[in-house]
Amino acid sequence: MNEQHSKRGVGVILYGPPAAGKDTITRALTSLDPDFALFSRVKVGPGRSAGYRMGTPEQLKELRSSGAVVYENSRYDSTYVTDRPGLDEAFTAGVPVMHLGQVDGVRAVLESYPADWLTVLLWCPRETTEARSAGRGDTDTPARLAAWDATRADLDANPNFRFDLTIRTNEVGPEAAAAQIRRALTAPHGDLVLVDFDDTLINRLSAVTDWVAGYCTENRLGPAAEQQMLEAMRIRADVSVVEGLCTELELPESASELWARYEPELAASVTPFPGVIEALTTVREAGRQVVVVTNGGAQIQRAKLKASGIADVVDDVCISEEIGARKPDRRIFEAAAASVGRDLSRGGWMIGDNAELDVVGGRDAGLRTIWISHGRPWAGGAEPDFIAQTAVDALAHVHGSAQ
């Protein structure tokens, strides 16, 4: 572990619903770096004892009376206590990893036990919790699903609380999650890299062109219809665009039917530009945090991110539909930085192929910018900090700028 952090007292708080991966990610962290160790809360009550310091009602009463309780909560007929003496011992030994399931608990620890805490939201869908709970043989799966519901309600009741890092564990494996957490603790300031997705990392235009051509051939639509579809869908495609095309071209499917077909077919066909996966991996391995910042619908963008392999080699993704703001709005850049525990005031890079959305938006957010030209000349106006032919060139420039 980075020495400057360990002297300050570094700890990790993992928050999430049951079966979100807190145990497996903690094991991956301890395998990655022996300084990490599970913080064992005091547990008073029946059930599983592994991972806890089992206590008695008398001991609980003593902790309360002495003011040693930082936070306590009750669940599954037991009481769980985060205690000050236990935290003191854990920080002396290394980097404690604490598991919590209540935002109030996270707040209590942050406010009552000052340290260099990294708060991490581990999230998974309800059906993932159900499948994992059943798969590991839990006898109380209904109670764990009720706890998942309570966690969802807890987050909804605390919309202004921002975790330093969010990891979707149904998409990211425990080893990758552990590496992401460790990077968030040790990455130098200013090494935030925000990068556009469509036509920056993946060749979306080529995929859309091929899809439209195939669709028009299949339905015997002429060149004029093909050109109209491509012009409408080349920059941005959503249900409203499809609805217009269905009406104007009298297509044989309804808008909902066509969109339901287009989404998965396009996602399956997109590919990264050559060398992008390797370039992203190199930048992250050097300690930088990489977040994809993209306008678009959440479902289709996440499907494309997964199918292209990009989701596996970045730290997080910010999609306009989920954030409620589109580039060049500063809020989406702020959300992207916050997703990995950063602040825009600490600087960083924005890489993308759109002059207005990526360069102007990134510059207004206080970031250095790189424009992906794909061989085009710069159109004028305030120039980016660097012009690159491809995303690979841009990432190489970022990597080299800190060497």
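Just so we're clear, the structure is a prediction, and the values are computed from it rather than from any experiment.

Student: Could you give an account of the overall build of the protein chain, naming the residues involved and the relevant values?
Tutor: The number of helices and strands found in the protein chain is 18 helices and 15 strands. Within the protein chain, the fraction of its 403 residues that count as buried is 50%. Partitioning the contacts of the protein chain with sequence separation of at least 6, the portion at a separation of at least 24 is 67%. Surface accessibility of the protein chain: about 18100 Å² in total, with carbon and sulfur atoms responsible for 50%.

Student: If you had to explain the pairing of strand 5 (residues 69-75) to someone new, which residues and values would you point to?
Tutor: Relative to strand 6 (residues 78-83), strand 5 is paired through six bridges, and the arrangement is antiparallel. The residue of strand 6 that forms the bridge with Asn 73 is Tyr 80. What sits between the antiparallel neighbours strand 5 and strand 6 is a turn of two residues, in which Tyr 76 has the positive phi angle 55°.

Student: Outline the packing of aromatic side chains, listing residues and values.
Tutor: Summed over the entire model, instances satisfying the criterion amount to 10 aromatic pairs. Relative to Tyr 80, the ring of Tyr 52 lies with its centre 5.4 Å away and its plane at 50°, an arrangement referred to as tilted. Highlighted residues: Tyr 52 in the loop between strand 3 (42-44) and strand 4 (53-54) and Tyr 80 in strand 6, separated in sequence by 28 residues. Exposure class is identical for Tyr 52 and Tyr 80. Each is buried. Note on Trp 123 and Trp 148: the rings are 5.2 Å apart at their centroids and 45° apart in plane angle, and the pair reads as tilted. Here Trp 123 is found in strand 8 (residues 116-123), whereas its partner Trp 148 is found in helix 7 (residues 141-157), with 25 residues between them in sequence. Assigned by exposure class, Trp 123 and Trp 148 land together as buried.

Student: Describe the pairing of strand 6, listing the residues and the values that go with them.
Tutor: Within strand 6, six of the six residues are buried, which leaves the element mostly enclosed by the surrounding structure. In strand 6, alternate side chains face the same way, and those of Ser 78, Tyr 80 and Thr 82 on one face and Thr 79, Val 81 and Asp 83 on the other are all buried.

Student: Quick rundown of the packing of helix 12 (residues 255-269) against helix 14 (residues 298-308)? Include the residues and the values.
Tutor: Between helix 12 and helix 14, whose axes approach to 8 Å, the crossing angle comes to 25°. In this view, helix 12 runs roughly parallel relative to helix 14, as classed from their interaxial angle. The two elements helix 12 and helix 14 cross, and the hand of that crossing is right-handed. In this structure, helix 12 uses Trp 259, Tyr 262, Glu 263, Leu 266, Ala 267 and Ala 268 to contact helix 14, whose residues at the interface are Gln 299, Ile 300, Ala 303, Lys 304 and Ala 307.

Student: Just give me the short version of the environment of Asp 312, but keep the residues and values in it.
Tutor: Its place among the elements puts Asp 312 in the loop between helix 14 and strand 12 (316-319). We classify Asp 312 as exposed; its relative accessible area is 55%. Not counting chain neighbours up to four residues away, the residues in contact with Asp 312 comprise Glu 171 and Arg 284.

Student: Account for the pattern of salt bridges, naming residues and giving values.
Tutor: For the structure on display, the rule yields 22 salt bridges. Asp 33 serves as the salt-bridge partner of Arg 182, at 3.1 Å between the closest nitrogen and oxygen. Here Arg 182, found in helix 8 (residues 174-186), pairs with Asp 33, found in the loop between helix 2 (22-32) and strand 2 (36-38); they are 149 residues apart in sequence, far enough to count as distant. Between Lys 304 and Asp 198 there is a salt bridge whose closest N-O contact spans 2.9 Å. With a gap of 106 residues between them, Lys 304 in helix 14 and Asp 198 in the loop between strand 10 (192-195) and helix 9 (204-218) connect regions that are remote in the sequence. You'll find Lys 304 and Asp 198 in the same group, each marked buried. Each of Arg 136, Asp 138, Asp 140 and Arg 144 takes part in salt bridges that share partners, so that together they form one network.

Student: I'd like a rundown of helix 12, residues and numbers included.
Tutor: Taking 1.5 Å as the rise per residue, helix 12 with 15 residues should run 21 Å; its terminal C-alpha atoms sit 21 Å apart, in good agreement. For helix 12, the full list of buried residues reads Ala 255, Leu 258, Trp 259, Arg 261, Tyr 262, Glu 263, Leu 266 and Ala 267. On its buried face, helix 12 is in contact with helix 9, helix 10 (223-233), helix 11 (239-249) and helix 14.

Student: Explain the environment of Ala 50 residue by residue, including any values.
Tutor: Mapped onto the fold, Ala 50 is located in the loop between strand 3 and strand 4. Between the C-alpha atom of Ala 50 and that of Leu 145, which follows or precedes it by 95 residues, the distance is 21 Å.

Student: Give me the lowdown on the sheet that holds strand 14 (residues 368-372), citing residues and values where you can.
Tutor: Hydrogen bonding along the main chain pairs the strands of a sheet, whether they run parallel or antiparallel. One open sheet holds the six strands; their spatial order is 12-11-10-13-14-15, and the pairing between them is parallel. Lying at the two open borders of the sheet, with one neighbouring strand each, are strand 12 and strand 15 (386-388). Taken over all neighbouring pairs, the strand axes of this sheet differ in orientation by 20° on average, direction set aside. The pairing of strand 10 with strand 11 (residues 289-294) spans four bridges and is parallel.

Student: Hey, could you go over the environment of Ile 319 for me, with residue numbers and the actual values?
Tutor: Within the secondary structure, Ile 319 is located in strand 12. With relative accessibility at 0%, the residue Ile 319 sits in the buried group. Spatially, the C-alpha atoms of Ile 319 and Asp 88 are 40 Å apart, while their sequence positions differ by 231 residues. With residues near it in sequence (within four places) discarded, Ile 319 still touches Thr 294, Gly 296, Gly 297, Ala 298, Gln 301, Arg 302, Leu 305 and Ile 332.

Student: So what about helix 17 (residues 355-364)? Which residues, and what values?
Tutor: Taken together, the buried positions of helix 17 are occupied by Asp 358, Val 359, Gly 361 and Gly 362. In this fold, the buried residues of helix 17 make contact with helix 16 (330-338), strand 13 (349-352) and strand 14. The N-capping residue of helix 17, defined by a side-chain oxygen 3.0 Å from the backbone nitrogen of Glu 356, is Asn 354.

Student: Report on the sheet that holds strand 2, specifying residues and quantitative values.
Tutor: Pairing is parallel in the open sheet, where five strands are placed in the order 2-7-1-8-9. Where the open sheet ends on each side, the last strands, each with one partner, are strand 2 and strand 9 (165-168). On average, each strand axis in the sheet is inclined to that of its neighbour by 25°, with strand direction left out of account. Bridge count for strand 2 against strand 7 (residues 95-100) is three bridges, and the pairing is parallel. Each residue of the ladder has a partner; that of Leu 38, found in strand 7, is Val 97. Those strands touched by helix 8 are strand 1 (10-15), strand 2, strand 8 and strand 9, and its axis lies near 170° from that of strand 9.

Conventions used here
- Residues numbered from 1 in each chain as written.
- Predicted model: local features only at pLDDT ≥ 70, side-chain atom pairs only at ≥ 80, totals over all residues.
- Heavy atoms only, no water.
- Helix = DSSP H or I, 4+ residues; strand = E, 2+ residues; numbered from the N terminus.
- Buried < 20%, exposed > 50% of the residue type's maximum accessible area, 1.4 Å probe, protein only.
- Contact = heavy atoms within 4.5 Å.
- Areas by Shrake-Rupley, 256 points an atom, 1.4 Å probe, with all protein chains shown as cover.
- Pairing = 2+ DSSP bridges.
- Phe/Tyr/Trp six-rings, centres within 6.5 Å; stacked < 30°, edge-to-face > 60°.
- Axes fitted to C-alpha atoms, helices over the stretch in contact; angles between N-to-C directions.
- Parallel < 35°, antiparallel > 145°, perpendicular 65-115°, else oblique.
- Left-handed = near helix turned anticlockwise from the far one by under 90°.
- Salt bridge = Lys/Arg side-chain N within 4 Å of Asp/Glu carboxyl O.
- Expected span 1.5 Å × (residues − 1).
- Polar contact = N/O pair within 3.5 Å; in protein donor to acceptor, adjacent residues only side chain to side chain.

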